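# Residue-level structural notes
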Amino acid sequence: MELLSSSAFWIGLLEVIGINIVLSGDNAVVIALAARSLPSEQQRKAIQFGSGAAVVLRIVLTFLAAKLLQMPWLQIVGGCLLLWIGTQLLTSDDEGDSESKGPNSMMVAIRTILLADLVMSLDNVIAVAAAAQGNMVLLILGLAISIPLVIFGSTLIIKIMDRFPVIVTLGAALIGWVAGETITSDGMLKGIVASYPWLPHAASVLGALLVVAVGMLLQRRSQSKKAMA
């Protein structure tokens, strides 16, 4: 009861929720991109399971983040993985109706969501943990409250994507942007980034352009194969 009556607790809770709202924007985009090709029922389940599991994953990463961020090459590998995920999500609609509605498609979508969130959360959990100031009750409660926010955000983005297909390309570009940012955050590149402060921004722009360019190229190849079939 003393914890709940503390003004510091409620201020900290608002900070954690606020940070999660801001930092979950890119995660909501990933969830929406991964689930958009599924039938409506599977789509709803993929969003729920993916969002819930992603938040739980962030809780686990909070305990490991400090050590993980010290591992050399980890964020470089993770950023490259995000580049691949971005191109795959951008071309997922061209894989054919039979594959997009197959029995294993929902698990593939959830796996993609978790894989992307694992990479994208390495830096995010540091900010959340700092706001919680070591209070695990505050941290877990704040993350739990953020679950419906992520679910609502993902559902809304899917609806917008259906109406404005260009959002799909912008979402993939966002993933590429985060990929470039993640790569330049690796400790192995700390000295280079210190010498060239503009490098993270350039890498983010390059990552976004790379994902969109490769994704569009793969889309055209897929469409050409369908036309010839």
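Keep in mind that this is a model prediction, so the values were computed, not measured. (Residues numbered from 1 in each chain as written. Predicted model: local features only at pLDDT ≥ 70, side-chain atom pairs only at ≥ 80, totals over all residues. Heavy atoms only, no water.)

## Some points on the overall build of the protein chain
Along the protein chain, the regular secondary structure elements total ten helices and zero strands. Along the protein chain, helices and strands appear, N-terminal first, in the series α-α-α-α-α-α-α-α-α-α. The proportion of buried residues among the 229 residues of the protein chain is 45%. Contacts in the protein chain between residues at least 24 apart in sequence constitute 87% of all its contacts with a sequence separation of at least 6. As presented, the protein chain carries roughly 12400 Å² of accessible surface, and 70% of it is formed by carbon and sulfur atoms. (Helix = DSSP H or I, 4+ residues; strand = E, 2+ residues; numbered from the N terminus. Buried < 20%, exposed > 50% of the residue type's maximum accessible area, 1.4 Å probe, protein only. Contact = heavy atoms within 4.5 Å. Areas by Shrake-Rupley, 256 points an atom, 1.4 Å probe, with all protein chains shown as cover.)

## Here's the deal with the nonpolar core
Where a protein is soluble and globular, its nonpolar side chains tend to be buried together. Of all hydrophobic cores here, the largest spans 37 residues; its most connected members are L33, A46, L82 and L89. When contributions to this core are tallied by element, the ones reaching two or more residues are α2 (25–35), α3 (40–68), α4 (74–90), α6 (105–132), α7 (136–163) and α8 (166–184). No other element matches α2, which puts eight residues into this core. In terms of nonpolar packing, the next biggest core, distinct from the first, is built from five residues, F9, V16, I17 and L138 among them. (Core = buried A, V, L, I, M, F, W, Y, C linked by side-chain atoms within 4.5 Å.)

## Considering the environment of A109
Assignment of secondary structure puts A109 in helix α6. Residues contacting A109, with those up to four places away along its chain left out, are A34, L38 and A46.

## As for the confidence of the model for the protein chain
Detail in the predicted coordinates should be disregarded across regions flagged by low pLDDT. In this model, the protein chain carries an average pLDDT of 77, and 77% of its residues clear a pLDDT of 70 or more. Across the protein chain, element-level confidence peaks in helix α9 (residues 190–195) with a mean pLDDT of 90 and bottoms out in helix α5 (residues 97–100) with 45. Counted against residues more than four places away or in other chains, residues 96–100, with its pLDDT under 50, gives six contacts. (pLDDT = per-residue confidence, 0-100.)

## A word on a nonpolar patch on the surface
A surface patch of nonpolar side chains, amounting to about 580 Å² of accessible area, comprises F152, L156, I160, F164, V166 and L170. Looking at the nonpolar patch, the elements that each hand over two or more residues are α7 and α8. Per element, the largest residue contribution to the nonpolar patch is three residues, and it comes from α7. (Patch = residues over 30% accessible without salt bridge, like charges linked within 9 Å, V, L, I, M, F, W, Y side chains within 5 Å. Salt bridge = Lys/Arg side-chain N within 4 Å of Asp/Glu carboxyl O.)

## Regarding the pattern of salt bridges
Applying the stated criterion to the full structure yields one salt bridge. One salt bridge connects E41 with R44, and the closest N-O pair in it is separated by 2.6 Å. With E41 and R44 both in helix α3, this residue pair falls three residues apart, about one helical turn. A relative accessible area of 41% places E41 in the partly exposed class. Given a relative accessible area of 40%, R44 falls into the partly exposed group.

## Focus on α8
Across its 19 residues, α8 extends 28 Å between first and last C-alpha, which sits within 8% of the 27 Å expected from 1.5 Å per residue. Residues of α8 that are buried: V168, G171, A172, A173, I175, G176, V178, A179, G180, T182, I183 and T184. (Expected span 1.5 Å × (residues − 1).)

## Details of the environment of V77
Checked against the element boundaries, V77 lands in helix α4. V77 gets classed as exposed once you look at its relative accessible area, which sits at 54%. Residues V77 and D186 lie 109 residues apart in sequence; the distance between their C-alpha atoms is 9.4 Å.

## Remarks on unusual backbone geometry
Of note in this structure, W73 is not a glycine but carries a positive phi near 75 degrees. As for its position among the elements, W73 is in the loop between α3 and α4. By relative accessible area, which is 49% here, W73 ends up partly exposed.

## Details of the packing of α8 against helix α10 (residues 199–228)
One can describe the packing of α8 onto α10 by two numbers: an axis separation of 7 Å at closest approach and a directional angle of 140 degrees. Looking at the two axes, α8 sits oblique to α10. For the pair α8 and α10, the sense of crossing is right-handed. Contacts between α8 and α10 pair T169, A172, A173, G176, W177, G180, E181 and T184 from the former with L199, P200, A203, S204, V205, G207, A208, V211 and V212 from the latter. Its residues assigned to classes, the contact of α8 with α10 comprises ten nonpolar, six polar and one charged. (Axes fitted to C-alpha atoms, helices over the stretch in contact; angles between N-to-C directions. Parallel < 35°, antiparallel > 145°, perpendicular 65-115°, else oblique. Left-handed = near helix turned anticlockwise from the far one by under 90°. Nonpolar A, V, L, I, M, F, W, Y, C, P; charged D, E, K, R; others polar.)

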